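# Fold and contact review
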Amino acid sequence: MEYIQILVSAIFVNNVVLSRFLGICPFLGVSNRVSTSLGMGGAVIFVLTIAAIVCYLIQNFILVPLQIKFMQTISFILVIAALVQMVEIILKKVSPSLYQALGIFLPLITTNCAVLGVAILSIQKNYNLLQTTVFALASGLGFALALLLFAGLREQLELSSNIPKALKGMPAALLVAGLLAMAFMGFAGIVN
Amino acid sequence: MAKVSSFKNMLLTLLATTFISSALLAGVHQLTKKAIEKVEVEKINAGIKKVLPEFANNPSDNISKKFVDGDTVAIYKATDSEGKLIGLAVQTFTNKGYGGRISLLVGFLADGTINNIDVIAHSETPGLGDKIDPRKHPFSIQFQGKNPDTFKLQVRKDGGDVDAISATTVSSRAFCDAVARAYKIFVEEMVKYNPNFASKIQAANDAVSGATKIN
Amino acid sequence: MKIQIILKGIFKENPIFVLMLGMCPTLATTSSAINGFSMGLATTFVLVLSNLTVSLIAKQIPDKVRIPSYVVIIATFVTVIDLLMAGYLPDIHATLGIFIPLIVVNCIVLARAESFAAKNGASNSIVDGLGSGLGFTLALSLLGFARELLGEYAIFGTKLIETDGMVLFILAPGAFIALAYLTVLFNMIKKRLIK
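Residues numbered from 1 in each chain as written. Chains lettered and ligands numbered in written order. Predicted model: local features only at pLDDT ≥ 70, side-chain atom pairs only at ≥ 80, totals over all residues. Heavy atoms only, no water.

### Description of the overall build of chain A
We apply this condition: Helical segments are the DSSP runs of H or I of at least four residues, strand segments are the runs of E of at least two, and each set is numbered from the N terminus. In this treatment the radius of gyration is a C-alpha quantity, and the globule benchmark scales as 2.2 Å times the residue count to the 0.38 power. We call a residue buried when its accessible area falls under 20% of the maximum for its residue type, exposed when it is over 50%, and partly exposed in between, using a 1.4 Å probe and counting protein chains only. In what follows, residue pairs with any heavy atoms lying within 4.5 Å of each other are defined as contacts. Computed by Shrake-Rupley with a 1.4 Å probe, the accessible areas treat only the displayed protein chains as cover when residues are assessed. Counted as positive: Lys and Arg. Counted as negative: Asp and Glu. His and the chain ends are not counted at all. Charge positions come from single atoms, namely NZ of Lys, CZ of Arg, CG of Asp or CD of Glu.
Along the backbone of chain A there are nine helices and zero strands. Reading chain A from its N terminus to its C terminus gives the helix and strand order α-α-α-α-α-α-α-α-α. The C-alpha atoms of chain A give a radius of gyration of 18 Å, which matches the 16 Å a tight globule of 192 residues would have. Each principal axis of the C-alpha distribution contributes one length, and for chain A these read about 60 × 45 × 30 Å. For chain A, buried positions account for 51% of its 192 residues. For chain A, long-range pairs separated by at least 24 residues make up 76% of all intrachain contacts whose partners lie at least 6 apart in sequence. In the form shown here, chain A has an accessible surface area of approximately 8600 Å², with 68% of it arising from carbon and sulfur atoms. Positive and negative charge centroids in chain A, built from 9 and 4 side chains respectively, lie 6 Å apart.

Right under this line is the structure:
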């Protein structure tokens, strides 16, 4: 029950992108086409989950015992960067088809603040390993969902010809994101 | 411009950068450690000052910890200059808020009367649920001077004595739940100082499960 | 020359309105003018120091480990400001929360280090960091100011009218909407000035 609560809360109620404002750059940058957004979403779910687990282990088995919690930011970001590289190399060897689908998005993920953000958040929330895993997986799913919906909306937006000239491009996209965030607010309260 | 990469100089560069940065951070950490610890203590003390009448001791030295409903909370003891108990400040929480968790600090006088309540953290909706904060709405003021023995910690809709914030029943119920939990913790702790409180434990326990029974 | 570098960061290449970099803190920390301003200053601090350090040591760093080294440098200064704020500005530290460590992944900081500081001298790099930082701070303060004004009917925490504001602007959707219209405004002013 507790895990379902974490899951629902991270996907819908406190969506990483639309409510916590993490990972906005790829949200605005890689959302022109539904197909690319699927690839990016998949890559983020994958890296986010592994990164959160590894960061959890580093925090609890290295930083806390050595009393160097102030090294958190530095070690997490280095781990994430190294991890992304490693995932890229392994994926290339093990599953070329998956690599083809996700490959070009992987380097972009290092600077996706959703990854570092979720890793830090699960430490702050005092989650245990299983809770961290569920939270990270759900956050990744939340990111992918928001990205996919937004990409679909933007594809429609491009077809529409009656957008005021001043709003064309980024402002219109931001307004759509605002409406999407408003829709997600409707989920608040369902956790109870 | 930049140097040609060889394995040796790459390794050396990375080692040097991380070493220098760790040394620098360790230094800054030493410098700020005292200030950060002081801030933590002051934050606690300022909170206790808000919820209890004037006291003479340093309550953050007199902490007892308790494990309640899945989380550890702290109880701070305030005494006057002769060491007589003035009251306890009890950390409490509820997970039933509209936006999830609400954390409060509740100050009880030695006879069990609520002196004052401070909201430490919450994520209720701005403009609606955030009115549980005394800085935004008088809702939490109604608890002052009430003794949970006679003042039923439930919203009126559920048969209690608490006036809920209009259109914000979930947050109001959650707030009552947190205060009822605080009273339960308080009563259990008070048995140490006053054996009479032992008879109240059952009722205080029941009140916690009752505060949000109707959902 | 130096003034031009600063003006470029504030106006022609404004990180928010023009380059659309570093959007996460922009949307998340601007529920009031003072929050946006503090976040801007914290980022400026990191930008200036990381630009300076990178410009000084860029020639000593082998090409292939360039980015990891820059990231370590940036993360160091981020932790420094994080610790300093926790000790001496605890209230602001608490409101900005997780977005202070997240300055590390703010694209602006790495972008300035890589595209400017690595190729320029120390003094110009400081000025460039200052310019981009001020452009960022300005945008965040403006956005915070607008959201506070509409959402709380308040200016710098002082209420103008004693009623609830349009709460939407304090909430998440309002951040997107306010930024959309501020960008339009910025583009209109820019167009008029260029004419």
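So much for the structure itself; the text now carries on.
### Quick look at the confidence of the model for chain B
Residue and element names in this part refer to chain B. Put simply, the test is: You can read pLDDT as the predictor saying how much it trusts each residue, on a scale of 0 to 100.
Model confidence for chain B is summarised by a mean pLDDT of 82, while 95% of its residues fall at 70 or above. Of all secondary-structure elements in chain B, the lowest mean pLDDT belongs to helix 3 (residues 201-211), at 73, while helix 2 (residues 169-190) reaches the highest, 89. Two summary scores accompany this predicted model of the complex, namely pTM at 0.82 and ipTM at 0.86.

### Quick look at the pattern of salt bridges
Short version of the rule: Whenever Lys or Arg places a side-chain nitrogen within 4 Å of a carboxyl oxygen from Asp or Glu, that contact is recorded as a salt bridge.
Tallying each qualifying case throughout the model produces 13 salt bridges over all chains. Where D118(B) meets K50(B), a salt bridge forms, and the shortest distance between an N and an O atom there is 3.5 Å. With D118(B) in strand 5 (residues 114-122) and K50(B) in helix 1 (residues 7-51), this pair connects stretches of sequence that are 68 residues apart. Under the relative-accessibility criterion, D118(B) is labelled buried at 9%. Salt-bridge contacts for D63(C) lead to R66(C); the nearest nitrogen and oxygen are separated by 2.9 Å. With a relative accessible area of 39%, D63(C) lands in the partly exposed category. What makes R66(C) partly exposed here is its relative accessible area of 22%. One salt-bridge network, in which partners are shared between bridges, spans R33(A), E155(A) and E158(A).

### Here we look at the sheet that holds strand 5 of chain B
Residue and element names in this part refer to chain B. What counts is decided by this rule: Two strands are said to pair when DSSP picks up at least two bridges between them. Axis lines are fitted through C-alpha atoms, for helices just across the contact stretch, and the angle between N-to-C directions can take any value from 0 to 180 degrees.
An order of 1-2-3-4-5 is seen for the five strands of this open sheet, with the pairing classed as antiparallel. Taken across any chain shown, the strands that pair with only one partner, and hence form the sheet edges, are strand 1 (63-68) and strand 5. When strand polarity is set aside, the average angle formed by the axes of neighbouring strands in this sheet is 25°. Direction of pairing for strand 4 (residues 100-109) relative to strand 5: antiparallel, over a ladder of seven bridges. Counted as the bridge partner of G107 is N116 from strand 5. Contacts between helix 1 and the sheet are confined to strand 2 (71-79), strand 3 (85-97), strand 4 and strand 5, with strand 5 contributing the most and set at about 140° to the helix.

### Remarks on the packing of aromatic side chains
Here is the rule: Think of it this way: a Phe, Tyr or Trp ring, Trp meaning its six-membered ring, pairs with another when their centres are within 6.5 Å, and the plane angle makes it stacked under 30 degrees, edge-to-face over 60, tilted otherwise. A ring is considered to have a charge above it if a Lys NZ or an Arg CZ atom is located within 6 Å of its centre and within 35 degrees of its normal.
Across all of its chains, the model carries 16 aromatic pairs over all chains by this definition. Arranged with centres 4.3 Å apart and planes meeting at 15°, the rings of F27(A) and F150(A) form a pair that is stacked. Of this pair, F27(A) sits in helix 2 (residues 24-29) while F150(A) sits in helix 8 (residues 129-159); the two residues are 123 residues apart in sequence, bridging distant segments of the chain. Exposure remark for F27(A): the relative accessible area of 0% places this residue in the buried category. Aromatic side chains F186(B) and F197(B) sit 5.7 Å apart centroid to centroid with 90° between the ring planes, which places their arrangement in the edge-to-face category. Here F186(B), found in helix 2, pairs with F197(B), found in the loop between helix 2 and helix 3; they are eleven residues apart in sequence, far enough to count as distant. Residue F186(B) is classed as buried on the basis of its relative accessible area of 0%. When its relative accessible area of 3% is taken as the criterion, F197(B) is described as buried. Chaining the aromatic ring pairs together yields one cluster made of F108(B), Y183(B), F186(B) and F197(B). Looking at R101(B), its charged tip hangs above the ring of F93(B), at a distance of 4.4 Å from the centre.

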